[in-house]
Amino acid sequence: MRRCDALLQAWCHAHCPLAREHGPLYARRDRSHDSGAGRAWRCYAAATLDESRTTFVGGSAYCTRDSPLRKVLELCLAAERSPVDEGGAPSVVSVDERGEAHQIAPPQLMNARGEARVGLVVAHCHEEMRWLAQVHRGLHEGAGSMPLRLELYIYEKCQNSSVGEWNELRWEVQRRASLVNKGEECYAYLKYMTNYYSSLPDVVLFFQGDGVLNGRNFYAKTLAFSKLVFGHGKGPRPDLWRSVNDHQYIALASDQSECAARRIPNCFVENKRQFHCATLLYERSTEQKAPPVWAVYANAQFGVTRDRLVARPLSFYRQLLDEFEVDPSAECFKIQGHKGRPFRGTCALFEYLWPSFLGESHVLEKKHTMNPQK
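Calculation criteria
Residue positions are given per chain, counting from 1 as you read along its sequence in written order. Totals for whole chains, interfaces and linings use every residue, but because this is a predicted model, local features are given only for residues with pLDDT of at least 70 and side-chain atom pairs only at 80 or more, for both listing and counting. Hydrogens and waters are ignored; side-chain quantities use all the structure's heavy atoms. Strand pairing follows a simple DSSP-based rule, namely that at least 2 bridges must link the two strands. Numbering of helices and strands runs from the N terminus; a helix is a DSSP stretch of H or I covering at least four residues, while a strand is a stretch of E covering at least two. Orientation is described by lines fitted to C-alpha atoms, with helices fitted over the stretch in contact, and by angles between N-to-C directions that extend from 0 to 180 degrees. Only heavy atoms matter for contacts: two residues are in contact if any of them lie within 4.5 Å across the pair. Polar contact criterion, stated in full: a pair of N or O atoms within 3.5 Å, where within protein one must be able to donate a hydrogen and the other to accept it, and residues adjacent in sequence count only if both atoms are side-chain atoms. Helix span, as expected, comes to 1.5 Å for every residue beyond the first. Fitting one axis to the seven residues ending at a residue and another to the seven starting there, the bend at that residue is the angle between the two axes. Buried means the residue's accessible area, taken with a 1.4 Å probe over protein chains only, is under 20% of the maximum for its type, while exposed means over 50%, and partly exposed covers the values in between. Take the buried Ala, Val, Leu, Ile, Met, Phe, Trp, Tyr and Cys residues and link them wherever side-chain atoms come within 4.5 Å; each set so joined is a nonpolar core.

Draft legend 1. Summary view of the sheet that holds strand S10 (residues 241–243). Across the sheet, six strands lie side by side as S8-S7-S6-S9-S14-S10; this open sheet has mixed pairing. With partners counted over all chains shown, the strands left at the sheet margins are strand S8 (173–178) and S10, one partner each. Averaged over all adjacent pairs, the angle separating strand axes in this sheet is 15 degrees, with direction ignored. Relative to strand S14 (residues 302–305), S10 runs antiparallel, the two being bridged by three bridges. Residue pairing for S14: Trp241 is matched across the bridge by Val304. Here helix H5 (residues 184–195) sits on the sheet in contact with strand S6 (116–124), strand S7 (148–156), strand S9 (203–208) and S14, set at roughly 155 degrees to S9.

Draft legend 2. Geometry of the side chain of Ser226. Looking at the secondary structure, you find Ser226 in helix H6 (residues 218–230). Polar contacts involving the side chain of Ser226 include one to the main-chain carbonyl oxygen of Leu139, which spans 2.6 Å. In this structure Ser226 touches Gly138, Leu139, Gly142, Ala143, Leu148 and Gly231, once residues within four positions along its chain are discounted.

Draft legend 3. Quick peek at helix H11 (residues 344–357). With 14 residues, H11 should cover 20 Å at 1.5 Å per step; its first-to-last C-alpha distance of 19 Å lies within 8% of that length. Most pronounced at Glu351, the bend in H11 amounts to some 45 degrees, and the proline Pro355 follows within four residues. With 13 of 14 residues buried, H11 is to be regarded as a mostly interior element. Downstream of H11 by one or two residues, Gly359 has phi in the positive range, about 95 degrees.

Draft legend 4. Structural view of the side chain of Glu360. Its location among the elements puts Glu360 in the segment after H11. A distance of 2.6 Å separates a polar atom in the side chain of Glu360 from a polar atom in the side chain of His368. Excluding residues within four positions of it along the chain, Glu360 makes contact with Trp241, Arg308, Pro355 and His368.

Draft legend 5. Here's a closer look at the nonpolar core. Leu190, Tyr192, Phe206, Tyr317, Phe350, Trp354 and Leu358 are the most contacted members of the largest nonpolar core, which totals 82 residues. In terms of residue count, the dominant contributor to this core is H11 (eight residues). Non-local contacts of Leu190, meaning those with residues more than four positions away in its chain, are made with Tyr317, Leu320, Leu321, Phe324, Phe350 and Trp354. With 27 residues, the next largest nonpolar core counts Val118, Ala143, Leu150 and Trp166 among its residues.

So, to be careful, I would describe these as geometric facts and stop short of saying anything about function.
As structure tokens, this is what we get:
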């Protein structure tokens, strides 16, 4: 039932607009402030619940979503009663805002040998990737007694066919695919999400080819992350998102005052076009009103559990991928000059949006990084 609770909570993060303002939401079947409304499934802000986060005590910070939440729970419980084959055949569905079902693989897809699956997705050009050895070691050592099945997916953006030291590591799955060099790492991330949506691992880590700063402290970071996810010895821990990077906390806002009110440094407000385009992208994708500020760690490298990914239907990721398939002249935010490549500007918008797309607050908690010192 704990896994189903995590899926319900992730669904609330994805579909209730109160997550932007109130942070974590809790799916509970309880009352509302309208005494005549009766009990129903709702996404409650913490302030409306008792100390144990189980019972409604008062307030109006909640979203009533009875039908879709009942459907999520029904399908999750059915999946827990059903056997899961090692190949990851789909046996449960994701539920959208309208209560419509979309077939996906079962939650937390451990295989028949009891191994937890961890996917590593790398958007690569010609960068040296020795840092992957640190990631490989950190994940295995942090998992303790939990056996891991590491799956490496490399997306080549520059038609590179050379093989580096990473090839000598033991990967249970190792796949390479060539992509058109556009959209930076975002295009690769979304290709993976759409291609493997029906068989996603328990946890997926997304990286750029150079690891950014050449993978600084990646052993310590992935060791801590693996301990967090697997170290409790009861299978993969659900409902997690963590930034790999922790060296630059940046914000994109409509006005400097929005950052000042939240004491956020490194606030980018000069380029009004960038904020405007981020707002359009967010509202077009989520059908929710955009916040006045996004604050994240720079460079868009992160680890996320499977339940967070499948809280969004496959159609959501396909829609995001379509942002990179249009005529480049139609790109809303462009980066010009020698660094200008097709859809680099669009990917720069995603840098701020990834956390909130995947269940985090639009102002990312600074402790939500893999750095054990944070």
